[in-house]
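The lines below spell out each chain.
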Amino acid sequence: MEEQRLDHTSQDYRELDDYFRKNQCQRILLVAGKSLSLLNLGSYFESLEQRTGIRVVRFDNFKPNPDYSSVVDGVACYQREGCDQIVAVGGGSAMDVAKCIKLFSNMDSSQSYLEQEIVPNEIHFMAIPTTAGTGSEATRFAVIYKDGIKQSVTHDSCIPEAVFFDASALKTLPDYHRKATMMDALCHGIESYWSIRSTKESREYSQKAIREILEEKDSYLDNTDSGNAGMLRAANHAGRAINLAQTTAGHAMSYKLTGLYGIAHGHAAALCVSELFSDMVQNPDRCVDERGREHLEKILLEIAGAFGCDRPEEAVKKWNQILKELSLEIPVASKKDYEILKKSVNPERLKNHPVSLNEERIDRLYHRILDQKKTKHIEIERGEE
């Protein structure tokens with residue numbers, strides 16, 4: 001399904017009014033966190049019923065890393081209030097909850113939704129991202145937790161039919177969050193490019209995303225309207241790429257770094273991709289992509305081109321220079337940490353990676369990722385394991 005993309009260009013959000021009227025919406029389930037009130041969009045949705053007669057039902061009963069019970073509550077709310085449209089405003093958590101509410105709303109509530117076969121439905125679903133990083137508004141993936149265990153939900157019918165880009169929603173992003181989400185999008189672009197699952201279409205999205213992120217980087221970090229708008233589009237293209245090709249070892253290795261050291265996901269992914277990129281350029285003979293070493297070397301050359309470089313080695317240097325400019329620090333690891341890290345990587349998530357990685361090589365990579373010689377020391381408070 002090709003999503004409908006709308007850009008915020010008017011002062012009164014008439015693009016949204018037109019979209020809701022076209023769909024003949026009567027009652028919207030608005031899935032958004034409490035920070036919505038800080039955005040211009042908050043005022044828009046507060047006044048929607050008075051202006052148009054379209055009722056808005058707020059649902060904000062979820063947290064980061066949302067729980068299955070929140071989705072169950074959301075489904076019940078959607079059905080009880082007689083909603084006919086879902087709108088998600090926020091980052092990955094709001095998107096994941098809204099996607100699952102959409103998928104589960106026509107299923108049997110007397111048993112676990114996670115144990116039932118998903119049947120597509122015709123519920124209208126719009127996404128309004130407030131960060132430029134996850135690209136969740138363009139993907140068929142959602143993540144929720146049940147009894148503390150991560151549950152991956154995947155289905156094409158949870159891809160929003162429409163996406164609304166509002167650059168003003170990014171104005172209040174803290175600098176660190178701005179940097180981390182940008183790097184998450186850039187990791188999506190690179191990992192989807194070299195993924196074993198990549199296709200001609202996915203690589204076109206990957207290349208477009210990488211080029212756009214690098215072009216918009218400075219103005220986005222300066223928090224300009226044009227930079228924010230450009231980064232939203234770039235992250236969406238990266239999301240479209242991973243929707244087709246999925247991520248690789250960069251993401252697989254990043255999750256435990258986030259858990260151990262409390263750093264943002266995009267920060268952790270960027271540190272991992274830095275070493276994986278270098279490792280791949282140096283070891284194309286370990287290629288496990290059935291398309292062969294020549295294909296991998298061609299892909300690495302294309303990635304270099306997207307970076308504006310002639311050779312992959314130059315692109316690796318450019319990547320590391322970006323990390324240095326962003327001051328994304330390297331956590332201090334203990335010997336015990338390395339034992340935890342090397343055993344933490346889900347082998348299933350390595351199947352998309354184009355070069356072979358075993359536990360020994362992963363351990364070596366983690367030692368290089370966390371090598372304190374590359375930057376000044378910084379003590380990062382450990383998060384909950």
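What comes next is a walk through the structure. (Residues numbered from 1 in each chain as written. Predicted model: local features only at pLDDT ≥ 70, side-chain atom pairs only at ≥ 80, totals over all residues. Heavy atoms only, no water.)

### Quick word on the overall build of the chain
Here is step 1 of the chain: Helix and strand counts for the chain come out as 13 helices and eight strands.
Here is step 2 of the chain: Over its C-alpha trace the chain gives a radius of gyration of 21 Å, about what one expects of a compact globule, namely 21 Å for 385 residues.
Here is step 3 of the chain: Reported as C-alpha extents along the three principal axes, the dimensions of the chain are approximately 60 × 45 × 45 Å.
Here is step 4 of the chain: Classification of the 385 residues of the chain by burial places 55% in the buried group.
Here is step 5 of the chain: Across the chain, 49 positive and 59 negative side-chain charges occur, with their mean positions spaced 3 Å apart. (Helix = DSSP H or I, 4+ residues; strand = E, 2+ residues; numbered from the N terminus. Rg over C-alpha atoms; globule rule 2.2 N^0.38 Å. Buried < 20%, exposed > 50% of the residue type's maximum accessible area, 1.4 Å probe, protein only. Lys, Arg positive; Asp, Glu negative; His and termini not counted. Charge placed at Lys NZ, Arg CZ, Asp CG, Glu CD.)

### Some details on the pattern of salt bridges
Here is step 1 of the chain: All told, the structure shown has 23 salt bridges when counted by the stated rule.
Here is step 2 of the chain: In this structure, Asp 289 and Arg 291 form a salt bridge, with 2.9 Å as the shortest nitrogen-oxygen distance.
Here is step 3 of the chain: Arg 291 gets classed as partly exposed once you look at its relative accessible area, which sits at 34%.
Here is step 4 of the chain: The network of salt bridges with shared partners includes Lys 34, Arg 58 and Asp 60. (Salt bridge = Lys/Arg side-chain N within 4 Å of Asp/Glu carboxyl O.)

### A word on the environment of Leu 36
Here is step 1 of the chain: Along the chain, Leu 36 falls in the loop between β2 (27-32) and α2 (40-52).
Here is step 2 of the chain: Non-local contacts of Leu 36, meaning those with residues more than four positions away in its chain, are made with Leu 30, Leu 41, Gly 42, Arg 58 and Val 89. (Contact = heavy atoms within 4.5 Å.)

### Some details on unusual backbone geometry
Here is step 1 of the chain: Its identity is not glycine, yet Asp 147 carries a phi of approximately 55°, on the positive side.
Here is step 2 of the chain: For Asp 147, the position within the fold is in the loop between β6 (141-146) and β7 (149-154).
Here is step 3 of the chain: Residue classification places Asp 147 among the exposed residues on the basis of a relative accessible area of 70%.
Here is step 4 of the chain: Positive phi values are uncommon outside glycine, yet Asn 223 reaches one of about 65°.
Here is step 5 of the chain: Note that Asn 223 resides in the loop between α6 (200-221) and α7 (225-245).
Here is step 6 of the chain: A residue is classified by how much of its surface remains accessible, and Asn 223, at 22% relative accessible area, is partly exposed.

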